[in-house]
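Structural description and commentary
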Amino acid sequence: MKGLFRIAIVVCVVGMAVPAAADERGFYVGLGLGFPSYSLEDFAPDAPDLRFESDSFGFRAFGGYRLFTNLGFELGYQDLGRIKQWETDANRNDLKTEVAIDALDLSVLGIVSMGKRASGFVKLGAAAWNTDVTYRDDDEVDKLKDDGIGIAYGLGVDFFFKKTGLRLEGAWMDVSDAGTTFMLIGSVTVNF
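Notes on the structure follow. (Residues numbered from 1 in each chain as written. Predicted model: local features only at pLDDT ≥ 70, side-chain atom pairs only at ≥ 80, totals over all residues. Heavy atoms only, no water.)

Some remarks on the environment of Asp147
Turning to its location among the elements, Asp147 is positioned in strand S7 (residues 140–161). On the accessibility criterion, Asp147 (53% relative accessible area) is exposed. Note: C-alpha distance between Asp147 and Thr131 (16 residues apart in sequence) is 6.2 Å. Beyond its immediate stretch of four places on either side in the chain, Asp147 contacts Trp129 and Asn130. (Helix = DSSP H or I, 4+ residues; strand = E, 2+ residues; numbered from the N terminus. Buried < 20%, exposed > 50% of the residue type's maximum accessible area, 1.4 Å probe, protein only. Contact = heavy atoms within 4.5 Å.)

Here's what the structure looks like:
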């Protein structure tokens, strides 16, 4: 966690050094790739733990409106990829657990200008999340689905280049009993 905040501080300092109009109001859309992080044990505490595999990427698509220089609203969809664990037990049965999470979120953004071509933001909102958990014991398959609404929050930096931009953000989401998920996301944005 400390490492993430150090990265955010460095990005903010670099952003202040970038010259040119981050305070423009209006609509924007974005699409990004992310590195999700959450624990399988939160969803399946009795799952096998000998081998572990995780998709490399998640993604996020979003759109928003910057109402004032320091206030915006954003609606987004994020897919946090899949994580898997498996083992072969003493009877040579293959045991596998797989978890997938996606969510639709709505947030309010507090925005701080960092020169003409960059701004930092913090966001707070709610996320409607879905989880799919699949347990496989050889040919026997059990599937569990869960959904709910949790708190979504994050922080990041936007860099602007005329009508396009780049965004780096950290996004957290509370998912039921499973605790908090995290995704570090790099996005391309288009401003209208």
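Structure's up, so let's keep going.
Concerning a nonpolar patch on the surface
Side chains of Leu31, Leu33, Phe35, Phe57 and Phe59 sit close together on the surface and give an oily, nonpolar patch of about 510 Å² of accessible area. In terms of residues, the nonpolar patch owes the most to one element, strand S1 (residues 26–37), which gives 3 residues. Secondary-structure assignment places Phe59 in strand S3 (residues 58–68). Residue class for Phe59 comes out partly exposed when judged on its relative accessible area of 32%. (Patch = residues over 30% accessible without salt bridge, like charges linked within 9 Å, V, L, I, M, F, W, Y side chains within 5 Å. Areas by Shrake-Rupley, 256 points an atom, 1.4 Å probe, with all protein chains shown as cover. Salt bridge = Lys/Arg side-chain N within 4 Å of Asp/Glu carboxyl O.)

Looking at unusual backbone geometry
Backbone geometry at Lys162 places phi at a positive 60°, although glycine is not the residue there. Considering the arrangement of structural elements, one finds Lys162 in the loop between S7 and strand S8 (164–174).

With respect to the packing of aromatic side chains
Each aromatic ring pair is described using two quantities: the centre-to-centre distance and the angle formed by the ring planes. Summed over all chains, the structure comprises 6 aromatic pairs. For the ring pair Tyr28 and Phe62, a centre distance of 6.4 Å and an interplane angle of 65° mean the geometry is edge-to-face. Of the two residues, Tyr28 sits in strand S1 while Phe62 sits in strand S3, which places them 34 residues apart along the sequence. Both residues of the pair, Tyr28 and Phe62, belong to the buried class. (Phe/Tyr/Trp six-rings, centres within 6.5 Å; stacked < 30°, edge-to-face > 60°.)

Overview of a negative patch on the surface
Taken together, Asp94, Asp137, Glu140 and Asp142 make up a surface patch of like negative charges. Here Asp137 is to be found in strand S6 (residues 118–137). (Lys, Arg positive; Asp, Glu negative; His and termini not counted. Charge placed at Lys NZ, Arg CZ, Asp CG, Glu CD.)

A closer look at the pairing of strand S9 (residues 180–191)
Note that S1 and S9 share 10 bridges and pair antiparallel. In the sheet register, Gly34 faces S9, and the bridge partner there is Ile185. By the bridge criterion, 11 bridges tie S8 to S9 in an arrangement that is antiparallel. Its bridge partner being in S9, Arg167 is matched across the sheet by Ser187. (Pairing = 2+ DSSP bridges.)

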